[in-house]
Amino acid sequence: MVEQFPILIELCPLFGAILIAILGFRMPKLCYPITVLAMALSCAAAIGTFMMMLASPSGTVIYDLSGWGRVNDTAISIEYRVDALSALMLVLISSVAFLNVIYSKVRVAQETPSKIPHFYILYLLLVAGLEGITITNDAFNLYVLVEISSLTGYALIAIGSKRAVISSFNYVIMGTIGASFFLLGVGYLYIKTGTLNMSDIRSIMEAIPDDSKAIKVGFMLIMIGVWVKMAFFPLHGWLPNAYAYAPTATGALMAPLVTKVMIYIMIRMMLSVFGPEYVYETLGWTDVVVTLSTIAIVAGSFFALSRSDLRKMLTYIIVAEVGYMVGGAWLANSQGMTGAIYHLLSDALMTFCLFMVVGIVVSRTGDPKLTAFQGLYRKMPITMVGFTIAALSMIGLPPTCGFFSKWYLLRGGIEAGQYHYVGALLFSSLVNAVLFFRLIEMAYYHGAHAHGEPIRDEDHEQYRMHGADPDSQPKETLANAPWSMLGPMLVVAIGLIALGVFNSTVTEWIGQVVANLNVLEGAN
Amino acid sequence: MAPMKIVALITVIITGGLLLYATGDFPAWGDPLSPANNSALSRHYIEQSRVETAVPNLVTAVLADYRGYDTMFETVVVFVAGLAILAVLGQGTSRERAAIQRSAERYQERDMINIMTARLIVPVLQLFSLYVLAHGHYSPGGGFQGGVMFGASFILIALAGGLPEALSRLSIPGALLLAGLGVLLYGGTGLVCMMLGQNFLDYHILHRLLPATDAVMARYHAMLIVEIGVAFTVTAIMFIIYAALSSRGRMTGGL
């Protein structure tokens, strides 16, 4: 049983979705408990896999699907490979998805009452896709799972309001372009190596001359593909609207996870398929990509500063944070890569926490603008505790995890001599400080905006544009957000601090993956 | 030209140039020694798949066994596509079902020639699709192709006799159930392998359950089972997509 943990991570949401497809349309009440159970089991299996990884002497866990194993040292079927990086991602994805199911119960019933089974099936399959991406060691299987997570993501966004449908359509176009680029790149790798297993591609590629044009273009196509999918500036156009107009539960799942998983693919391709020597030395593109990410950080921060809609502001912060991680991964030293992976984890939790807070605030006050925060410390103290912790982490103050991951990124930037990237990181922290202290100040000092009273007409109009029905919002019960929403949010807030306090343990795990980068540095 | 069009043109030219640039590095067309033809992996499939699975059609062996896990998720992709369309366009509430009933009455009088032709073709089409499904082990075919043809037979009914006519044979909830069962049949086969103590989708252990088979023939038969699962899902989703798109989600009238 124990050795089946890696596949169980994937099978729990998959079979949960099938079960809902068969039972849920007749008995919609069953959807929620099935989803919670499937996600809880998946989360447990992910933690079990993590323990297996720690216990294994090589630091990796291999699982053969179809049981063919390796013949003559070639994988002839699809295999799973879990190392420290994928194990951390698996625990992250499954726990975020689990907490979000609990959080979403009330909102799903309010926002999409007639589509509850659809929502939960798509939700479970999206999670299965994301988990599969992080665990698989097969380049084409990865593409199939990217396909699953994209398709379910489009539908989960479009299930909401009219505006969401249009933004989802934008996302479909951009996402399909990105996925096609990625597939083409994988095809080029197959033409040159004759295998799809990532470890085998790596070992065969070592024998191919470094100046192979097809591999160079293949790498370029794969990178462009994942950059589109992760909304790396200037390829970010689809993201803000898609995440801002999505139903609350969708936004809170996709905003923290989808872009991060795409960054995971980029790092996996760089470290495990092409290898750091090839990416950093043979190609020599590090300066260009780090400069691009500097631009992404600065531009994302500027856009975030100029938005008055809460969710829009958060989505532009995501665009800036993507720049952090791409830049960190391309600094070509282990500090930068450690920072990028660490930030992957902490940014996912921060974004998750902020989206949950905004979901609660918007649903309670009926105001999607920054002004919704006026006087909230008195009215919604528990929500604001979570918000404050997440905001401090976004700005990068200790002891939250945002400080430590940014610390590694800064050190990596200085070590690599990329001072414009360091400057952009500091600038963006400053912008985050302005953005969040503005909200904190508003929430702390500004008294009663007319929250208890009927909402003014223009607010009403504004809210209607966002597709929800303002009349269904209980304005009077501002303070009593249900515990099913507050509980998960507080858990994540505590997680933000825990991930910071235990930073030495986390970086030790990450160190197992980036160890081969140190070899590279030693050689220089 | 609008500035965006110029940007688009430049992007397309650069992308095309990149592709041409890489093509120069490709192995020669049909080269038996190219990596894709001559890698340890391809050689193993070509030389061993018949021995290991007893399936003469190499493509089916790779698709349904060696890379069966991918195919399971491809089936899930098909399932998701249909479900996503229903989720976005909406589907049968009781009010809509009543509307279907009304429009069914309106469509009573359809063109006789269309209906009679469909009546002739549909049974043949369905029988042939079952043949394509079952013969996938020996010739081009299998679950996806067979499923598409079976789904097409329902679409033909809808084209000839109106959507309500087709819905009276395969309702949307029924089709969704069928699609779910298809994925269940595929995943469940893998799960049974796990319950018998092997890895997911390791079919050879199924010889304990299937009478008169050995470990090799168990793979052969299991491949047919999962192909049937694929066919269920593809049939149902083909029809769902047609029904939802042709009637804009209202499930009445249609084309």
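It should be emphasised that the depicted structure is a prediction, and the values quoted were computed from it without experimental measurement.

Notes on the overall build of chain B
Thinking step 1. Summing up its helical and strand segments, chain B has 11 helices and zero strands in all.
Thinking step 2. Seen in sequence order, chain B has helices and strands lined up from the N terminus as α-α-α-α-α-α-α-α-α-α-α.
Thinking step 3. Within the span of chain B, comprising 255 residues, buried residues form 47% of the whole.
Thinking step 4. Counting contacts in chain B only where the partners sit at least 6 residues apart, residues at least 24 apart contribute 65% of the total.
Thinking step 5. When the accessible surface of chain B is split by element, carbon and sulfur atoms take 68% of a total near 12300 Å².

Things to note about the overall build of chain A
Thinking step 1. Broken down by element type, chain A carries 21 helices and four strands.
Thinking step 2. When the backbone C-alpha atoms are referred to their principal axes, chain A occupies close to 70 × 55 × 40 Å.
Thinking step 3. Within the span of chain A, comprising 524 residues, buried residues form 66% of the whole.
Thinking step 4. The contacts of chain A with a sequence gap of at least 6 include a subset with a gap of at least 24, amounting to 80%.
Thinking step 5. For chain A, the exposed area adds up to about 16800 Å²; of that, 66% sits on carbon and sulfur atoms.
Thinking step 6. Here chain A carries 29 positive and 33 negative side-chain charges, and the mean point of each set is 9 Å from the other.

Things to note about a nonpolar patch on the surface
Thinking step 1. A cluster of nonpolar side chains, contributed by A:Val165, A:Ile166, B:Val88, B:Leu89 and B:Leu245, occupies part of the molecular surface with about 410 Å² of accessible area.
Thinking step 2. Of all elements in the fold, only helix 6 (162-193) of chain A together with helix 5 (68-89) of chain B reach the threshold of two or more residues within the nonpolar patch.
Thinking step 3. Positionally, A:Val165 belongs in helix 6.
Thinking step 4. Overall, the relative accessible area of 35% leaves A:Val165 in the partly exposed class.

Some thoughts on the interface of chain B and chain A
Thinking step 1. Across the boundary between the two partners, chain B contributes 53 residues, which contact 60 residues of chain A.
Thinking step 2. Where chain B abuts chain A, roughly 5000 Å² becomes buried across the two surfaces, and 73% of that area is made up of carbon and sulfur atoms.
Thinking step 3. Here chain B is connected to chain A by two salt bridges.
Thinking step 4. Residue B:Arg67 is joined to A:Asp138 by a salt bridge in which the shortest nitrogen-to-oxygen separation is 2.7 Å.
Thinking step 5. Here chain B is connected to chain A by 17 residue pairs in polar contact (both at pLDDT 80 or more).
Thinking step 6. Of all the secondary structure elements, the ones that give two or more residues to the side of chain B that touches chain A are helix 1 (3-23), helix 2 (35-38), helix 3 (40-53), helix 4 (58-66), helix 5 and helix 10 (172-195) of chain B.
Thinking step 7. A per-element tally of the side of chain B that touches chain A places helix 5 of chain B first, with 14 residues.
Thinking step 8. Residue composition of the side of chain B that touches chain A, grouped by class: 33 nonpolar, 12 polar and eight charged.

Points about the domain arrangement of chain B
Thinking step 1. Assigned domains within chain B: domain 1 (1-38) and domain 2 (55-246).
Thinking step 2. Distance between the C-alpha centres of domain 1 of chain B and domain 2 of chain B: 36 Å.

A look at the pattern of salt bridges
Thinking step 1. Here the structure, examined in full by the defined rule, presents 14 salt bridges over all chains.
Thinking step 2. Residues B:Asp70 and B:Arg67 are paired through a salt bridge, measuring 2.7 Å at the closest nitrogen-oxygen approach.
Thinking step 3. Salt bridges here are not isolated pairs; linked through shared partners, they connect A:Arg70, A:Asp73, A:Glu79 and A:Asp200.

Some thoughts on the side chain of A:Thr388
Thinking step 1. Position of A:Thr388 among the secondary structure elements: in helix 16 (residues 381-395).
Thinking step 2. The residues touching A:Thr388, leaving out its near neighbours within four places in the chain, are A:Tyr377 and A:Ile440.

Some remarks on the nonpolar core
Thinking step 1. A:Tyr243, A:Met266, A:Phe274, A:Trp330 and A:Phe436 are the most contacted members of the largest nonpolar core, which totals 256 residues.
Thinking step 2. Sequence-distant contacts of A:Phe436, defined by excluding residues within four places in its chain, comprise A:Met313, A:Leu314, A:Ile317, A:Leu354, A:Phe387, A:Ala391, A:Met394 and A:Ile395.
Thinking step 3. A:Phe181, A:Val217, B:Leu18 and B:Ala22 belong to the second largest nonpolar core, which has six residues in total.

Regarding the layout of surface pockets
Thinking step 1. In this model, the largest pocket occupies a volume close to 780 Å³.
Thinking step 2. Around the largest pocket, the lining comprises 25 residues; the ones closest to its centre are A:Phe181, A:Ile224, A:Val228, A:Leu235 and B:Thr11.
Thinking step 3. Secondary-structure elements contributing two or more residues to the lining of the largest pocket are helix 6, helix 8 (213-230) and helix 12 (286-305) of chain A together with helix 1 of chain B.
Thinking step 4. For the lining of the largest pocket, the leading source of residues is helix 8 of chain A, giving six residues.

Comments concerning the packing of helix 10 of chain B against helix 11 (residues 215-246) of chain B
All names here are of chain B.
Thinking step 1. It is at 8 Å that the axes of helix 10 and helix 11 come closest, and there the two elements cross at 155 degrees. Relative to helix 11, helix 10 is oriented roughly antiparallel. Two packed elements cross with a definite hand, and for helix 10 against helix 11 that hand is left-handed. Here Ile-172, Ala-175, Leu-176, Leu-178, Ala-179, Gly-182, Val-183, Leu-185, Tyr-186 and Thr-189 of helix 10 lie close against helix 11, whose contacting residues are Ala-222, Ile-225, Val-226, Ile-228, Gly-229, Val-230, Phe-232, Thr-233, Ala-236, Ile-237, Ile-240 and Ala-243.

The rules behind each value
Residues numbered from 1 in each chain as written. Chains lettered and ligands numbered in written order. Predicted model: local features only at pLDDT ≥ 70, side-chain atom pairs only at ≥ 80, totals over all residues. Heavy atoms only, no water. Helix = DSSP H or I, 4+ residues; strand = E, 2+ residues; numbered from the N terminus. Buried < 20%, exposed > 50% of the residue type's maximum accessible area, 1.4 Å probe, protein only. Contact = heavy atoms within 4.5 Å. Areas by Shrake-Rupley, 256 points an atom, 1.4 Å probe, with all protein chains shown as cover. Lys, Arg positive; Asp, Glu negative; His and termini not counted. Charge placed at Lys NZ, Arg CZ, Asp CG, Glu CD. Patch = residues over 30% accessible without salt bridge, like charges linked within 9 Å, V, L, I, M, F, W, Y side chains within 5 Å. Salt bridge = Lys/Arg side-chain N within 4 Å of Asp/Glu carboxyl O. Buried area = accessible area lost by both parts, 1.4 Å probe. Polar contact = N/O pair within 3.5 Å; in protein donor to acceptor, adjacent residues only side chain to side chain. Nonpolar A, V, L, I, M, F, W, Y, C, P; charged D, E, K, R; others polar. Domains from an automatic or database assignment. Core = buried A, V, L, I, M, F, W, Y, C linked by side-chain atoms within 4.5 Å. 1 Å grid on protein atoms, 1.4 Å probe; cavity = no way out; pocket = protein on both sides within 12 Å on 5 of 7 lines; lining within 4 Å. Points joined across faces, edges and corners; volume = space filled by probe spheres on them. Axes fitted to C-alpha atoms, helices over the stretch in contact; angles between N-to-C directions. Parallel < 35°, antiparallel > 145°, perpendicular 65-115°, else oblique. Left-handed = near helix turned anticlockwise from the far one by under 90°.

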